[in-house]
Amino acid sequence: MLRESIMLGVVLVGLVWTGGAAGQEAAEPKEAPAVGWADGEAAFTWVQGWLRSDDGVPGDADLPDRAVTGLFGVYVTLRDEGRVLGRGQALRADLKDAIDDHGPPIQLALLLSAATRQALKELKDKQTKRAIELNIADPELLKIAILEARKRVQLDIQIGHSLESITVPVNAPNGAVFSTFAPGFHGLRLAGPLAGKADIAWPAIELSRNNAAPRTVFRLMDLQGFNADELPIVARADGPALQRFEVIHMVRPGAAQPVRELIRGNVILQQQVIDNRTIAGLAERVARHLDQLITTDARNGNEMVRGTYQPSLQRYAPKWADDRETALLGYALTRHATVALDAGLGGEAMQARAKRVLRLVDQIAPKAIPQNLPPKHLTAALLLLTLCETPARLAPDQLVTRDRLGKALLELVHPEGGGFRVEKNSDKTLSRASAAVCTAALAAYYKDTRSKSLPGPVWQVLTDLMKANANQDDARDVDLLWVAYALDRAGPDLAKAQPKPEDAAKTLAQWRKTLANYLELLTEQQVRSKPILGPKDVTGGFILEKPIPGSPPEPTWRSAIPTTLLAFALRDPGIIPDDQQFGPVLAAGLGARFLGQLIVTPPSAYYLRDSEPALGGVRRTLWDNTLYPDISSTTLIALAELQQTLIQLEPED
């Protein structure tokens, strides 16, 4: 179906261009400006007017006069609450002259009119089919239904420009082609042997389908008759030609929303130092998303947490979060509620949210610390953190649960060093990441109870973790994140409670220095300006994995980890002295800016039939809309901790 629509668009443009060639050539200037955002605004106004007009798309002689260069094609999509009613693509007839070149001037309205006619034809066909299904035989009623559909549709226009060849070196490894474009930002055109034509992937369409870069390339290869194992010849000297292009993407996401210019399907957040008010707003968006994931299971009346949401498919898969994800979500909401209440925000709503989380804790705690079985370490640690941090008053039975959780984790501390054991009397130990979370939980438990049984074991497991992370080559951001948490909550008090406080104070100073050095390394990996390839929406993200040379930066949700580390460090003068805070504050603010870019907002939900389950969720990457509960939870923790830090750094009146 898509191949047929592509060919129809090409034919339409060729016919229209040829039919009006003499008049167009006489009217066009020898030079014309490159297509830009202002042309996108004009295009949206024209097409919207054609849709709402009873006369429809005007004839060629009555089209607006706007000649531009760099333009090679347009794609028009008509939606009704996310449901596609019509699509149309139109390409310039002299396309080869616009590859790696601006090409001759061309009338923008000419392509738009052809694509819009095609989209309206599909809309009419669908409405006619629907009328037949409903046994509506009156042609006047059908005409009215079509006009009403045209006037209420959500209009989505992509204007393709800057079509340029991609060349992969002969000695490049397999899959190197995936690093030659920015997913969701660049569109792709693959030329192949079928009738000398090419197939095109428009970026906004790929985003709406949640297609990753490999899937997009393999789909284009399939359309051109290539097998997946022929990937090594794509964009090589002896293989099919591949081009990338950019789009001017104009959308009205909803009837009550303004027209938006989207980059990679999102409104670009401004690159600036983000203040506490903005951080609080971002955090509340994510918190509301997480809160709506908590629902009552009709089978047993228990409150449960929904699983991973796939917006493009409108489904949760799996349907329910597991106990660890539930515990992390509960801690994130609790920490956010505590910070918000400290800032004078939320009031009764935050207290109600915290109490709701406690009901979740009551339900899963028995499974985290089962009788006569080893505890589920991460779940138990996160539940303990929640009970120690909650702003809600704990009931007597919840205090008992807190102490049982603390005792269960304390019993797993290896008496001879080496972190935590999987179970008592076992030689197997927990992973470093799991041990770090358990250590943070025991530090919070010590802060909450001041139990004299805790300082020795907690100091020991902190020592084990810092030894493992002392070398920057072996250091892990997740480990040091939870170490920083433990030091933030109880570091100095734990040091004072050691048998030799003076020695412990020196050790604590060394740990702080290790954290400072690691943070310096992390901030060097932050994207601070627009990359050479791709858009500036990545600004503030941290590149935590070694990229392929020359590839566009692709920071992910994991940028929440260094952002949280910075938030903790800025509260500790032993890690970041007061007179050296400016750079780290800027880095933390930029980190929050990137996390905000990952949050689903109404404009970025332009293609969804039901946006409510997605709004406020945090995507894994800028081109993957899958919403994992633990990613949103981790991001909320980062925003809440940064909010707390900025409150503490505010100068007193």
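Residues numbered from 1 in each chain as written. Predicted model: local features only at pLDDT ≥ 70, side-chain atom pairs only at ≥ 80, totals over all residues. Heavy atoms only, no water.

Caption draft 1: Main features of the environment of Ala 212. Relative to the helices and strands, Ala 212 resides in the loop between α6 (203-208) and α7 (213-223). Owing to a relative accessible area of 25%, Ala 212 belongs among the partly exposed residues under this scheme. Residues Ala 212 and Asp 537, 325 residues apart in the sequence, show an inter-C-alpha distance of 18 Å. (Helix = DSSP H or I, 4+ residues; strand = E, 2+ residues; numbered from the N terminus. Buried < 20%, exposed > 50% of the residue type's maximum accessible area, 1.4 Å probe, protein only.)

Caption draft 2: Expanded view of the nonpolar core. Within the largest apolar cluster, 111 residues are counted, with the highest numbers of intra-cluster contacts made by Phe 420 and Leu 442. Those residues in contact with Phe 420 that lie beyond four places of it in its chain are Leu 409, Leu 412, Val 413, His 414, Lys 428, Thr 429, Leu 430, Ala 435, Cys 438, Thr 439, Leu 442 and Val 461. With 38 residues, the next largest nonpolar core counts Val 35, Leu 51, Ala 90 and Leu 123 among its residues. (Core = buried A, V, L, I, M, F, W, Y, C linked by side-chain atoms within 4.5 Å. Contact = heavy atoms within 4.5 Å.)

Caption draft 3: Layout of a nonpolar patch on the surface. Taken together, the side chains of Leu 134, Ile 136, Leu 141 and Ile 144 present a nonpolar region at the surface, about 350 Å² in accessible area. Tracing the chain through its elements places Leu 134 in the loop between α4 (108-133) and α5 (139-152). (Patch = residues over 30% accessible without salt bridge, like charges linked within 9 Å, V, L, I, M, F, W, Y side chains within 5 Å. Areas by Shrake-Rupley, 256 points an atom, 1.4 Å probe, with all protein chains shown as cover. Salt bridge = Lys/Arg side-chain N within 4 Å of Asp/Glu carboxyl O.)

Caption draft 4: The arrangement of the side chain of His 336 in detail. Looking at the element boundaries, His 336 is found in helix α9 (residues 323-342). His 336 gets classed as buried once you look at its relative accessible area, which sits at 2%. Those residues in contact with His 336 that lie beyond four places of it in its chain are Ala 283, Glu 284, Ala 287, Met 350, Arg 353, Leu 636, Ala 640 and Gln 643.

Caption draft 5: How the structure looks around unusual backbone geometry. Note the cis peptide between Ala 317 and Pro 318, where omega equals 0°. Summarising the element assignment, Pro 318 is placed in the loop between β13 (315-316) and α9. Even without a glycine there, the phi angle at Asp 100 is positive, about 60°. Relative to the assigned elements, Asp 100 resides in the loop between β3 (83-91) and β4 (106-107). In this structure, Arg 450 takes a positive phi of about 60° despite not being glycine. Note on placement: Arg 450 falls in the loop between α13 (432-449) and α14 (455-468). The class of Arg 450 is partly exposed, set by a relative accessible area of 41%.

Caption draft 6: Representation of the pattern of salt bridges. According to the stated counting rule, one finds 37 salt bridges in the structure shown. As a salt-bridge pair, Glu 164 and Arg 244 come within 2.8 Å of each other at their nearest N and O atoms. Note that Glu 164 is positioned in strand β5 (residues 154-166) and Arg 244 in strand β8 (residues 242-251), a separation of 80 residues in sequence. We classify Arg 244 as buried; its relative accessible area is 14%. Close ionic contact of Arg 571 with Asp 488 constitutes a salt bridge, the shortest N to O distance being 3.1 Å. One end of the pair, Arg 571, is in the loop between α17 (560-570) and α18 (582-598); the other, Asp 488, is in helix α15 (residues 477-496), and 83 residues separate them in sequence. According to the relative accessible area criterion, Asp 488 is partly exposed, its value standing at 28%. Among the charged side chains, a network of salt bridges with common partners joins Glu 284, Arg 288, Asp 291, Glu 303, Arg 353, Arg 356 and Arg 359.

Caption draft 7: Examining the packing of helix α16 (residues 501-523) against α17 more closely. In contact at an axis separation of 11 Å, α16 and α17 are set at 135° when each is read in the N-to-C sense. In this view, α16 runs oblique relative to α17, as classed from their interaxial angle. Between α16 and α17 lies a crossing of left-handed hand. Residue-level contacts link Leu 515, Tyr 518, Leu 519, Leu 522 and Thr 523 of α16 to Pro 562, Leu 565, Leu 566 and Ala 569 of α17. Looking at the contact of α16 with α17, its residues break down into 8 nonpolar, 1 polar and no charged. (Axes fitted to C-alpha atoms, helices over the stretch in contact; angles between N-to-C directions. Parallel < 35°, antiparallel > 145°, perpendicular 65-115°, else oblique. Left-handed = near helix turned anticlockwise from the far one by under 90°. Nonpolar A, V, L, I, M, F, W, Y, C, P; charged D, E, K, R; others polar.)

Caption draft 8: Main features of the pairing of strand β6 (residues 187-191). The element β6 is largely enclosed, with a buried count of 5 among its 5 residues. Alternating positions in β6 separate into two faces, Gly 187, Arg 189 and Ala 191 on one and Leu 188 and Leu 190 on the other, with burial throughout. With 4 bridges joining them, β6 and β8 adopt antiparallel strand pairing. Counterpart to Leu 190 in the pairing with β8 is Leu 242. (Pairing = 2+ DSSP bridges.)

Caption draft 9: Fine view of the pairing of β8. Buried residues dominate β8, accounting for 9 of its 10 residues. Sheet topology note: the β5/β8 ladder contains 9 bridges and is antiparallel. Note on β8: the bridge partner recorded for Gly 160 is Val 247. In the sheet, β8 pairs with strand β9 (residues 260-262) via 3 bridges, with the strands oriented antiparallel. The residue bridging Met 250 from the neighbouring strand is Glu 261, located in β9.

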